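Topology and contacts: notes
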Amino acid sequence: MLFIILAISKRKNLILSVVAESLPNLKSGALRDFEKILKSWGLFWEFKINKTDRTYSYTTDIFDDNGHKIGENTNLIEFFSVEGEGSRLGSRRTHLYVNEADMIKFETFIEISGRTSEFTILDYNPRRKFWAHKELIGQSHVDYLVLNFTDNEYIPANEKKSILWYKKKADEGSKYFLNKWRVLGLGLL
């Protein structure tokens with residue numbers, strides 16, 4: 001959502017990269033969610049879409065003080081996987097979103113985040129500790145948020161029902177469902 005808002009803002013020459021470990025994960029996760037949000041906001045057809053390159057361009061006109069058009073600005077949202085695409089690691093961007101960061105190598109993260117000029121967002125399911133816990137969380141330049149299903153206003157009703165069922169089973173004493181509730185319900189390791 002944030003990348004869509006940035007892309008349609010008056011900010012100029014933004015390159016917003018959304019990255020996942022593999023192309024199948026990217027297509028079935030972040031890319032599918034992105035297109036669903038674009039459609040629900042009525043913005044899907046406002047973007048020039050290149051399905052081959054997985055890029056979404058948003059162009060606005062630029063006007064002078066007298067209201068005359070003097071040019072255009074295009075902001076770009078690109079989607080790519082880091083698996084087998086080493087050449088993409090060197091590209092520069094203004095913003096980076098790493099989907100399921102626990103699935104990529106720390107060295108890969110360092111390469112792509114080091115070429116990001118404004119900010120980076122990571123998401124992951126708290127299945128286990130990984131490099132972010134050791135290398136990032138607790139650093140003065142890092143904001144760390146724990147979010148869970150209650151923070152997702154778009155969660156499908158059936159998915160919410162399943163998570164609440166995990167809580168019920170955990171409250172009944174199931175260690176298996178206690179872990180599922182901690183991870184999927186509370187967003188904890």
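Here the structure is shown first, and the text comes after it.
Model, not experiment: these values are computed from the prediction.

About the thresholds
Residues numbered from 1 in each chain as written. Predicted model: local features only at pLDDT ≥ 70, side-chain atom pairs only at ≥ 80, totals over all residues. Heavy atoms only, no water. Patch = residues over 30% accessible without salt bridge, like charges linked within 9 Å, V, L, I, M, F, W, Y side chains within 5 Å. Areas by Shrake-Rupley, 256 points an atom, 1.4 Å probe, with all protein chains shown as cover. Salt bridge = Lys/Arg side-chain N within 4 Å of Asp/Glu carboxyl O. Helix = DSSP H or I, 4+ residues; strand = E, 2+ residues; numbered from the N terminus. Buried < 20%, exposed > 50% of the residue type's maximum accessible area, 1.4 Å probe, protein only. Pairing = 2+ DSSP bridges. Axes fitted to C-alpha atoms, helices over the stretch in contact; angles between N-to-C directions. Contact = heavy atoms within 4.5 Å. Parallel < 35°, antiparallel > 145°, perpendicular 65-115°, else oblique. Left-handed = near helix turned anticlockwise from the far one by under 90°. Nonpolar A, V, L, I, M, F, W, Y, C, P; charged D, E, K, R; others polar. Phe/Tyr/Trp six-rings, centres within 6.5 Å; stacked < 30°, edge-to-face > 60°.

A word on a nonpolar patch on the surface
A cluster of nonpolar side chains, contributed by Met1, Ile5, Trp41 and Tyr154, occupies part of the molecular surface with about 390 Å² of accessible area. Structurally, Ile5 is set in helix α1 (residues 2–8). A relative accessible area of 47% places Ile5 in the partly exposed class.

Quick look at the pattern of salt bridges
Applying the stated criterion across every chain, the model contains nine salt bridges. The closest approach of N and O atoms between Lys69 and Asp61, which form a salt bridge, is 3.1 Å. According to the relative accessible area criterion, Asp61 is partly exposed, its value standing at 39%. Of the charged contacts in the structure, one is a salt bridge between Glu111 and Arg115, with a shortest N-O distance of 3.1 Å. By relative accessible area, which is 34% here, Glu111 ends up partly exposed. Arg115 gets classed as partly exposed once you look at its relative accessible area, which sits at 28%. One salt-bridge network, held together by shared partners, links Asp61, Lys69 and Glu72.

Re the sheet that holds strand β3 (residues 55–63)
Spatial ordering of the open sheet is given by β2-β3-β4-β1-β5-β6, a layout of six strands whose pairing is mixed. Among the strands making up the open sheet, the edge pair consists of β2 (48–50) and β6 (116–122). On average, each strand axis in the sheet is tilted by 20 degrees relative to the strand beside it, whichever way the strands run. Summarising the sheet, strand β1 (residues 15–20) and strand β5 (residues 93–98) pair through four bridges and their orientation is parallel. Across the sheet, Leu16 pairs through a bridge with His95, a residue of β5. Helix α2 (residues 23–40) rests against β1, β3 and β4 (69–81) of the sheet, and its axis sits at about 140 degrees to β4.

A word on unusual backbone geometry
Excluding glycine, a negative phi dihedral is what most residues carry, and trans is how most peptide bonds are arranged. The phi angle at Arg54 is positive, at roughly 55 degrees, despite the residue not being glycine. Within the element layout of this structure, Arg54 appears in the loop between β2 and β3. By relative accessible area, which is 13% here, Arg54 ends up buried. Phi is positive for Glu100, which is not a glycine, with a value near 55 degrees. Along the polypeptide, Glu100 turns up in the loop between β5 and α3 (106–113).

Observations regarding the packing of helix α5 (residues 157–171) against helix α6 (residues 175–185)
Two numbers describe how α5 lies on α6: the axes approach to 8 Å, and their chain directions differ by 140 degrees. Judged by the inter-axis angle, α5 sits oblique to α6. For α5 against α6, the interelement crossing comes out left-handed. Contacts between α5 and α6 involve Ile163, Trp165, Tyr166, Lys167, Lys169 and Ala170 from the former and Phe177, Leu178, Lys180, Trp181, Leu184 and Gly185 from the latter. Among the residues making up the contact of α5 with α6, the classes are represented as eight nonpolar, one polar and three charged.

Focus: the packing of aromatic side chains
By the definition in use, this model includes 16 aromatic pairs. Between the aromatic rings of Tyr56 and Phe79, the centroid separation amounts to 5.7 Å while the plane-to-plane angle is 75 degrees, which identifies the pairing as edge-to-face. Of this pair, Tyr56 sits in strand β3 while Phe79 sits in strand β4; the two residues are 23 residues apart in sequence, bridging distant segments of the chain. Accessibility assignment for this pair places Tyr56 and Phe79 in one class, buried. Ring centres of Phe149 and Trp181 lie 6.0 Å apart, and the angle between their planes is 65 degrees; this geometry places the pair in the edge-to-face category.

Any functional reading would require information beyond the geometric quantities listed.
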